[in-house]
Amino acid sequence: MSWKKSIEELRRRERLSEKMGGEEPVERQRGRGKLTVRERVAFLVDPGSFHEIGKIAGKATYGEDDELESFSPSTSVTGRATLNGKSTVILADDFTVRGGASDAAIWQKMVQMIKMATEYRMPLVQMIDGTGGGGSVKSLEKDPRTYIPETPGWNEIVHGMTQVPFVSLALGPCAGMGAGRVAASHFSVMVKELSQIFVAGPPVAIALGEDVTKEELGGWKIQGQNGTVDNVVDSEADAFEAARRFLSYMPPSVHDLPERTPPSDDPQRKEEFLLSIVPTDGKTPYKPRKIIEATVDRHSFFEIGHDWGRGMVCGLARIDGHAVGILAGDPFFLDGAWTADVCDKVTRHMDLCSMFHLPVIHLVDCPGFAVGVKAETAGVTRAGVRAMTAIYQANVPVCSVVIRKAYGLAGSAMMNQSKTKWRYCWPSGDWGSLPMAGGIEAAFRKELAEAEDPDALKDQLYRKFDAIRSPFRTAESFLAEEIIDPRDTRPLLVDFVHHAVRVIDAGEFRHGYRP
């Protein structure tokens, strides 16, 4: 007696599952320039490490003799693997099976993977391609009734995101629940021209009077610039690399601290060009990414959200091997003013760093919140106080390096200033409740109007207040703790990070009410 026949049947069903949606749908998938779901898993994970779970789950038909006649696998390939040698849960959609429609899905597979990631403290990587739980009118033919909507697994998603890193790769059209899963992540990526994200697709938009293509409705130029996704890449291979790179900075869960990698750069490295990178006129913009690259470990900066909220550069990096979060004002965009989308970007990034225990380096250049009708219409006030609150609610140390401007409420949100100020200021620092430019004319309007030579008086006033706003006068009153040579920035940040990691504890990130 043996179970050999049962094992042969098991292998047969596994082979049927490996055919995915069948020869024709697979060829259509490849004809669109897309990898199949199984190819994607193979390219993403460490070679040979994938252990599939639920491989033979799907829909079967049986003959009168109760023998299997046909089999269609479920719309997802699930399991666990290693990425960069670290255990990771994989949840990958199969568009070749009914385009990922909900009536072909087994939602329990998704829930099981999220539970596994959460309970066993492993990151989750989702490769999303299709509705992945969205509705299909065709299903009403087989089951002629409607229902009050529920979203199976959403509670697991919400809880899981408080515990482990969620990464979502949009690798095709993502609608309904598929779109929701892309957004419900700590880091998300979409591929140019290959993926689109929308609540409902073009047929629904057309019914509402908008005749649009998938790309016009939810392509990368929309979703990459409004913050629905964090990064936009050129190919699926780039998306896989982005996922691996992001997770390399993350701990496996909130119950662990980020791993330090062997230092690969001189902690005392000093770059001469930092002494002159900020123009002395106080107006001409400079490139903040050059400062970031000069002060973090070489080639370690990984930018997040390049195409949205462009007045702020955000990302992850390493300093002497330790993972850190990076914020840097970018004067090339509205002089670095905090618009509503900049504020949303700051809030999201500070929460990410707090949740996964990353000290934050903030290179400050902020002229304040954006002003004007456009800024107010976009809701800058509400977004601004939320960003400020997120910074004050952060439970990780923040080191601010004031590169140039720090004005008003937004300028004050460089750190939680009720805590110990670990802060360095460059000689180019320019701060206050409001900029001098324009403020002098407003404050001395009467005197200027009555002066015999208004231009001469204005020049005299500017010279006087230029002297008053010298960073050295601020330091005299210990309102700027240290004025530093810009070339010393990296060694000082190395020192900060070594102190910061001593006071960071693992555990859940909890914050109070946020306006």
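Above this note sits the structure.
Residues numbered from 1 in each chain as written. Predicted model: local features only at pLDDT ≥ 70, side-chain atom pairs only at ≥ 80, totals over all residues. Heavy atoms only, no water.

A. Up close: the overall build of the chain. Scanning the chain for helices and strands turns up 21 helices and 17 strands. In terms of principal-axis extent, the alpha carbons of the chain reach across some 105 × 55 × 40 Å. The buried share of the chain, taken over its 515 residues, is 50%. For the chain, the accessible area works out to roughly 24900 Å², and carbon and sulfur atoms hold 54% of it. Within the chain, the 70 negative side-chain charges are centred at a point lying 2 Å from the centre of the 62 positive side-chain charges. (Helix = DSSP H or I, 4+ residues; strand = E, 2+ residues; numbered from the N terminus. Buried < 20%, exposed > 50% of the residue type's maximum accessible area, 1.4 Å probe, protein only. Areas by Shrake-Rupley, 256 points an atom, 1.4 Å probe, with all protein chains shown as cover. Lys, Arg positive; Asp, Glu negative; His and termini not counted. Charge placed at Lys NZ, Arg CZ, Asp CG, Glu CD.)

B. Helix α12 (residues 288-295), seen in detail. Along α12, the positions that sit buried rather than exposed are P288, I291, I292, A294 and T295. Viewed end-on, α12 has its buried residues packed into an arc of 165°, placing them on one side of the element. Each element contacted by the buried residues of α12 is listed here: β12 (312-319), β13 (322-329), β14 (360-366), β15 (398-407) and α21 (489-503). (Arc of directions from axis to C-beta. Contact = heavy atoms within 4.5 Å.)

C. A look at the nonpolar core. Counting 70 residues, the largest nonpolar core has I90, L169, F246 and W338 as its most contacted members. Of the residues forming this core, the biggest block, eight residues, is contributed by helix α13 (residues 340-355). Counting residues in each nonpolar core, the second largest holds 28 residues, with I277, F301, A328 and I484 among its members. (Core = buried A, V, L, I, M, F, W, Y, C linked by side-chain atoms within 4.5 Å.)

D. Highlighting the pattern of salt bridges. A complete count under the given rule lists 35 salt bridges for this structure. Note that R298 and D265 form a salt bridge whose closest N and O atoms lie 3.8 Å from each other. Note that R298 is positioned in the loop between α12 and β11 (302-304) and D265 in the loop between α11 (236-249) and α12, a separation of 33 residues in sequence. The partner of D330 in a salt bridge is R289, with the nearest N and O atoms 3.4 Å apart. With D330 in the loop between β13 and α13 and R289 in helix α12, this pair connects stretches of sequence that are 41 residues apart. Since its relative accessible area comes to 2%, D330 is described here as buried. Salt bridges sharing partners connect three or more residues here, namely D265, R269, E271, D297, R298 and R490. (Salt bridge = Lys/Arg side-chain N within 4 Å of Asp/Glu carboxyl O.)

E. Spatial organisation of the pairing of β14. With seven of seven residues buried, β14 is to be regarded as a mostly interior element. Judged by which residues are buried, β14 turns out to be covered on both faces: V360, H362, V364 and C366 on one side and I361, L363 and D365 on the other are all buried. Following the chain from β13 across α13 to the adjacent parallel β14, one finds a crossover that is right-handed. Of the strand pairs in this sheet, β14 and β15 are connected by six bridges, and their pairing is parallel. When the sheet's bridge partners are listed, C366 is paired in β15 with A406. (Right-handed = clockwise from strand over helix to strand, strands pointing away. Pairing = 2+ DSSP bridges.)

F. Structural context of the environment of I504. As for its placement among the helices and strands, I504 is situated in the segment after α21. Separated by 214 residues in the primary sequence, I504 and K290 place their C-alpha atoms 28 Å from one another. Those residues in contact with I504, other than ones at most four positions away along the chain, are L257, H357, P359, V396 and P397.

G. A negative patch on the surface, seen in detail. Together, E64, D65, D66, E67 and E69 make up a negatively charged patch on the protein surface. Tracing the sequence through the fold places E69 in strand β3 (residues 68-73). When its relative accessible area of 59% is taken as the criterion, E69 is described as exposed. (Patch = residues over 30% accessible without salt bridge, like charges linked within 9 Å, V, L, I, M, F, W, Y side chains within 5 Å.)

H. Representation of the packing of helix α3 (residues 37-44) against α11. Running from N to C, α3 and α11 cross one another at 45°; their axes reach a closest spacing of 10 Å. Taken together, the axes of α3 and α11 are oblique relative to one another. By crossing handedness, the relation of α3 to α11 is classed as right-handed. Residues R40, F43 and L44 of α3 form the contact with α11, whose own contacting residues are E236, F240, A243 and R244. Of the residues contributing to the contact of α3 with α11, the split by class is four nonpolar, no polar and three charged. (Axes fitted to C-alpha atoms, helices over the stretch in contact; angles between N-to-C directions. Parallel < 35°, antiparallel > 145°, perpendicular 65-115°, else oblique. Left-handed = near helix turned anticlockwise from the far one by under 90°. Nonpolar A, V, L, I, M, F, W, Y, C, P; charged D, E, K, R; others polar.)

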